[in-house]
Amino acid sequence: MSKRQNSKYKLDRRERDAVLGLGWIVTLHQNPSITRRAELALRHTRIAADLGASSTAQQWIVDAYVLVFAALLVTGGVLGDRRGRRSAFLLGLALFAAGSLVCALAPSTGVLIAGRVLQGLGSPILLPASLALVTMANPEPAARARAIGLWSIGSGLGLTLG
């Protein structure tokens, strides 16, 4: 990107810190591609018992999210490129939050699986957009490298901490 193109994305320190903070929140707490899978694996037997899920339904509870996420990850990145990073980030966040709410209030396995699919729709939009926003907020190469490093550390901690 040339200097002229970077100038339209110039953020002041407060805005850059807000973007980085939001990136950390996403990677540590909402990094859906890693955290939700690990978290669900830990709580899987309790959820299955509470909802009376069959073994087939239990498998769909786990895999519905992963299947949709994997199928749409590249598409989510393209959506952010074409429609704007911020818009894509907010859309992904809204879809994932709605899916989480559906999961939290699910009275049956079918509703829980539908919530997991909705989470799987939001995650592949949210994840690439969050990285794009972090890199956009740091146009200088050294600052960008640090920001991407912090984003990566957050992803690793999200996996570790669940």
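About the cut-offs
- For every chain, the first residue of the written sequence is number 1, and numbering continues from 1 onward in sequence order.
- Given that this is a predicted model, residues contribute local features only at a pLDDT of at least 70 and side-chain atom pairs are listed and counted only at 80 or more, while totals for whole chains, interfaces and linings are drawn from all residues.
- Side-chain measures here rest on the full set of heavy atoms in the structure, leaving out hydrogens and waters.
- Only DSSP runs of H or I reaching four residues or more are called helices, and only runs of E reaching two or more are called strands; each is numbered from the N terminus.
- Contacts are assigned to residue pairs with any non-hydrogen atoms lying within 4.5 Å of each other.
- Every accessible area reported is derived by Shrake-Rupley at a probe size of 1.4 Å, with residue values counting cover from the shown protein chains alone.
- As used in this record, nonpolar core signifies buried Ala, Val, Leu, Ile, Met, Phe, Trp, Tyr and Cys residues forming a set joined through side-chain atoms within 4.5 Å.
- Remark: exposure states derive from per-residue accessible area (1.4 Å probe, protein chains only) relative to the maximum for the residue type, with buried under 20%, exposed over 50%, and partly exposed in between.
- Any helix carries an expected span of 1.5 Å times its number of residues minus one.
- A residue's bend is given by the angle between axes fitted to the 7 residues ending at it and the 7 residues starting at it.
- pLDDT expresses how confident the predictor is about each individual residue, on a scale running from 0 to 100.

### Some details on the overall build of the protein
Part 1: When you go through the protein residue by residue, the secondary structure sums to 7 helices and 0 strands.
Part 2: Here the contacts in the protein between residues at least 6 apart in sequence split such that 74% fall between residues at least 24 apart.
Part 3: Accessible surface computed for the protein: about 9,200 Å², of which carbon and sulfur atoms make up 63%.

### Here we look at the nonpolar core
Part 1: In this structure, Ala-48, Ala-53, Ala-57, Ile-61, Ala-64, Cys-103, Ala-106, Leu-112 and Ile-113 together form the largest nonpolar core, which totals 9 residues.
Part 2: Counting residues per element, the ones that place at least two in this core are α4 (55-83) and α6 (109-136).
Part 3: Per element, the largest residue contribution to this core is 3 residues, and it comes from α4.

### Some thoughts on α4
Part 1: Given a rise of 1.5 Å per residue, 29 residues ought to cover 42 Å, and the 40 Å separating the end C-alpha atoms of α4 matches this to within 8%.
Part 2: The sharpest bend along α4 measures roughly 50° and falls at Leu-72.
Part 3: Turning to α4, its buried residues number three or more, namely Ala-57, Ile-61, Val-62, Ala-64, Tyr-65, Val-68, Phe-69, Gly-76, Gly-77 and Gly-80.
Part 4: Just downstream of α4 lies Gly-84, where phi reads positive at about 110°.

### Here's the deal with the confidence of the model for the protein
Part 1: Within the protein, residue pLDDT values average 78, and 70% of them lie at 70 or more.
Part 2: The secondary structure element of the protein with the lowest average pLDDT is helix α1 (residues 3-7), at 45, and the one with the highest is helix α5 (residues 85-104), at 91.
Part 3: Counting interchain partners and residues more than four positions distant, the pLDDT-below-50 stretch residues 1-7 has 4 contacts.

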